[in-house]
Amino acid sequence: MLTFIRLVAILLGLALIAAPSYLGLMFAYGVGEPPELGSYLLFFGPLFIIGLVLGLGPLLIGLPRVVAGSVTPKARVAAGLLLSVSAALIAFLGMGGSVTRVVSPVILLLEFVMFVVFVWPAKPFSANLSLQRDAPQAARP
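So, here is what we can say about the structure in this document.

## Describing the overall build of the protein
Now for step 1: Along the backbone of the protein there are 4 helices and 0 strands.
Now for step 2: Each helix (α) and strand (β) of the protein, taken in turn from the N terminus, gives the series α-α-α-α.
Now for step 3: The buried share among the 141 residues of the protein stands at 26%.
Now for step 4: Total accessible area computed for the protein in this model is approximately 9,400 Å², and 75% of it derives from carbon and sulfur atoms.

Take a look at the structure:
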């Protein structure tokens, strides 16, 4: 089951990274003003940054051994923050159109499942005893 969730996380992360650029390009062609050959960087640059903000959290969760165990609490916190930002942006921006009212709740549900399964269980974090030598005996784990 965890492998399936990781695979879904990788696919969702890649889709969210590519979606703003693809949808922006389709919108530009739809209104009849495609980007000129010399302005691709100006057109795709901000859209790619938005895609990274949206998709980097699920992509980090999907990569094996990045957000797992007690060794990587910093990666787990970073993935949790990126998932929170992604969910907030999707909830804020994604409920505007007719199609996105169907797709956005599905993405939010997938991100919630990823958060609960991989980010929330912080109990396996072990304390670093070398940093706690001066702590009182009662405060040590």
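## What to know about the packing of helix α2 (residues 40-62) against helix α3 (residues 73-93)
Now for step 1: Relative to each other, α2 and α3 sit at 140°, their axes nearing to 8 Å. The orientation of α2 relative to α3 falls into the category oblique. α3 is crossed by α2, and the crossing has left-handed handedness. Seen from α2, the contacting residues are V53, L54, L56, G57, P58, L60 and I61; seen from α3, they are A79, L82, L83, V85, S86, L89 and I90.
Now for step 2: A per-class count over the contact of α2 with α3 returns 12 nonpolar, 2 polar and no charged.

## A closer look at the packing of α3 against helix α4 (residues 100-119)
Now for step 1: Remark: α3 packs on α4, axes separated minimally by 10 Å, with the N-to-C direction vectors making an angle of 165°. The pairing of α3 with α4 is recorded here as roughly antiparallel in orientation. Every pair of crossing elements has a handedness; the one defined by α3 and α4 is left-handed. Only S104, I107, L108, E111, M114, F115, F118 and V119 of α4 make contact with α3, whose side of the interface consists of R76, G80, L83, S86, A87, I90 and A91.

## Considerations on α4
Now for step 1: Among the residues making up α4, those that are buried are S104, I107, E111, M114, F118 and V119. On an axial view of α4, the arc spanned by its buried residues comes to 90°, and they lie on one face. Facing away from the buried surface of α4 by more than 90 degrees, the exposed residues are R101, V102, L109 and F112.
Now for step 2: The inward-facing, buried residues of α4 contact α1 (2-30), α2 and α3.

## Quick look at the packing of aromatic side chains
Now for step 1: Inspection of every chain in the model, using the stated rule, returns 2 aromatic pairs.
Now for step 2: Here Y40 and F44 contribute two aromatic rings whose centre-to-centre distance is 5.8 Å and whose plane-to-plane angle is 25°, an arrangement assigned as stacked. With Y40 and F44 both in helix α2 and 4 residues apart, this pair spans about one turn of that helix.
Now for step 3: For Y40, a relative accessible area of 33% corresponds to the partly exposed category.
Now for step 4: We classify F44 as partly exposed; its relative accessible area is 23%.
Now for step 5: Geometrically, the ring pair formed by F43 and F44 is edge-to-face, given 5.0 Å between the ring centres and 85° between the ring planes.
Now for step 6: Joined through ring pairs, the aromatic side chains of Y40, F43 and F44 make up one cluster.

## Some points on a nonpolar patch on the surface
Now for step 1: A contiguous nonpolar patch, built from Y22, L23, M26, Y29, L37 and Y40 and spanning about 690 Å² of accessible area, is present on the exposed surface.
Now for step 2: Here Y22 is to be found in helix α1.
Now for step 3: Among the residues examined, Y22 registers a relative accessible area of 51% and is labelled exposed.

Here is what the cut-offs are and how they apply
- Residues numbered from 1 in each chain as written.
- Predicted model: local features only at pLDDT ≥ 70, side-chain atom pairs only at ≥ 80, totals over all residues.
- Heavy atoms only, no water.
- Helix = DSSP H or I, 4+ residues; strand = E, 2+ residues; numbered from the N terminus.
- Buried < 20%, exposed > 50% of the residue type's maximum accessible area, 1.4 Å probe, protein only.
- Areas by Shrake-Rupley, 256 points an atom, 1.4 Å probe, with all protein chains shown as cover.
- Axes fitted to C-alpha atoms, helices over the stretch in contact; angles between N-to-C directions.
- Parallel < 35°, antiparallel > 145°, perpendicular 65-115°, else oblique.
- Left-handed = near helix turned anticlockwise from the far one by under 90°.
- Contact = heavy atoms within 4.5 Å.
- Nonpolar A, V, L, I, M, F, W, Y, C, P; charged D, E, K, R; others polar.
- Arc of directions from axis to C-beta.
- Phe/Tyr/Trp six-rings, centres within 6.5 Å; stacked < 30°, edge-to-face > 60°.
- Patch = residues over 30% accessible without salt bridge, like charges linked within 9 Å, V, L, I, M, F, W, Y side chains within 5 Å.
- Salt bridge = Lys/Arg side-chain N within 4 Å of Asp/Glu carboxyl O.

Function cannot be inferred from these measures alone, as they are strictly geometric.
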